[in-house]
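An overview of the molecular structure
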Amino acid sequence: MQATNCPEVTIKKPSECTAEEIQGFVAFVLAGGEVMTAGLDERVRKAEFLVFLSQDGCLKGIAAVMKPAPDYRNRVFQKAHASRQDTAFPFELGWVFVLPSSRGAGFSHKLVNASLSTISGQGIFAASRTDNRAMHRVLKAHGLFSVGQPYTSSQGNHQLILFASRTATESGASVDAS
């Protein structure tokens, strides 16, 4: 039996990506089924960083670090009934997706760790479906914690939980931890 190569994580600015890499990233985001499809390609190209995890030359997972507009960030925190300091969370961790056939190998941890390495300890938030306990464990393992209350997603009939980094709250941001 041949040994499997270790997963390789690559972090790139969207402007450094090939058209094929952007296309593959968008396909994975769509496979996650949790986003508004209109304008997705443009939103991917506006991300701060795209994170790719490959194994044996095949893309297995993705994540992104985005710098959302203040009005979007405020709406998210408001929906979750979490108080916030607008400048405390300049980044959003999103689009974390691992192929179902590759889950259980710690790839989400690798993607989140790589994503967080790009922000130098600055505040970051993420939203996760209430039923995605595995992602909740990953986010908590990397220093994010749930804040506010679950809220209804604009992309379906499911509920989301808002997570935020402790770093931002320790630096004076006001977040109602739960």
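Before reading on, note that the structure itself is shown above.
So, here's what we can say about the structure. (Residues numbered from 1 in each chain as written. Predicted model: local features only at pLDDT ≥ 70, side-chain atom pairs only at ≥ 80, totals over all residues. Heavy atoms only, no water.)

Here we take up the side chain of Ser102. The residue Ser102 is located in the loop between strand E4 (91–98) and helix H4 (107–116) in this model. Excluding its chain neighbours within four sequence positions, the residues that come into contact with Ser102 are Lys60 and Phe107. (Helix = DSSP H or I, 4+ residues; strand = E, 2+ residues; numbered from the N terminus. Contact = heavy atoms within 4.5 Å.)

Phe25, Val29, Leu40, Val44, Leu50, Ile62 and Trp95 are the most contacted members of the largest nonpolar core, which totals 17 residues. If you list the elements that add at least two residues to this core, you get helix H1 (19–32), helix H2 (40–45), strand E2 (49–55), strand E3 (58–66) and E4. For this core, the element with the most residues is H1, which contributes 5 residues. Setting aside its immediate chain neighbours within four residues, Ile62 contacts Phe25, Phe28, Val29, Val51, Phe52, Trp95, Val96, Phe97 and Leu111. Ala126, Val138, Ile161 and Phe163 belong to the second largest nonpolar core, which has 15 residues in total. (Core = buried A, V, L, I, M, F, W, Y, C linked by side-chain atoms within 4.5 Å. Buried < 20%, exposed > 50% of the residue type's maximum accessible area, 1.4 Å probe, protein only.)

Okay, the environment of Pro100 next. Turning to its location among the elements, Pro100 is positioned in the loop between E4 and H4. With relative accessibility at 56%, the residue Pro100 sits in the exposed group. Taking the C-alpha atoms as reference, Pro100 lies 9.0 Å from Lys60; in sequence the two are 40 residues apart.

Another aspect to go through is H1. In this model, H1 (14 residues) spans 20 Å end to end at C-alpha, consistent with the 20 Å of a helix rising 1.5 Å per residue. Considered for burial, the residues of H1 that qualify are Ile22, Phe25, Val26, Phe28 and Val29. Within H1, the buried residues cover an arc of 160° as seen down the axis, which keeps them to one side. Turned more than 90 degrees off the buried face of H1, the exposed positions are Ala19, Glu20, Gln23 and Ala31. (Expected span 1.5 Å × (residues − 1). Arc of directions from axis to C-beta.)

This part covers the packing of aromatic side chains. Scanning the entire structure with this criterion turns up 5 aromatic pairs. With centroids separated by 5.6 Å and ring planes inclined at 75°, the aromatic side chains of Phe25 and Phe52 adopt a geometry described as edge-to-face. Here Phe25 is found in helix H1, whereas its partner Phe52 is found in strand E2, with 27 residues between them in sequence. Each member of the pair Phe25 and Phe52 is classed as buried. Residues Phe28 and Phe97 carry aromatic rings whose centres are separated by 5.8 Å and whose planes lie at 85° to one another, so their mutual orientation is edge-to-face. Here Phe97 lies in strand E4 and Phe28 lies in helix H1, a separation of 69 residues in the sequence. (Phe/Tyr/Trp six-rings, centres within 6.5 Å; stacked < 30°, edge-to-face > 60°.)

Glancing now at the sheet that holds E2. Spatially, the 7 strands line up as an open sheet ordered E1-E2-E3-E4-E5-E7-E6, and their pairing is mixed. Lying at the two open borders of the sheet, with one neighbouring strand each, are strand E1 (8–12) and strand E6 (144–152). Going across the sheet, the axis of each strand differs from the next one's by a mean of 25°, ignoring polarity. Summarising the sheet, E1 and E2 pair through 5 bridges and their orientation is antiparallel. Bridge pairing links Glu8 to Ser54 in E2. Strand contacts of helix H5 (residues 133–141): E4, strand E5 (124–129), E6 and strand E7 (159–165), with the helix running at about 165° to E5, the strand carrying the most contacts. (Pairing = 2+ DSSP bridges. Axes fitted to C-alpha atoms, helices over the stretch in contact; angles between N-to-C directions.)

In the structure shown here, the tally under the stated rule is 5 salt bridges. Between Asp41 and Arg45 there is a salt bridge whose closest N-O contact spans 3.0 Å. In this pair, Asp41 and Arg45 both sit in helix H2, 4 residues apart, roughly one turn of the helix. The class for Asp41 is partly exposed, based on a relative accessible area of 37%. Residue classification places Arg45 among the partly exposed residues on the basis of a relative accessible area of 47%. (Salt bridge = Lys/Arg side-chain N within 4 Å of Asp/Glu carboxyl O.)

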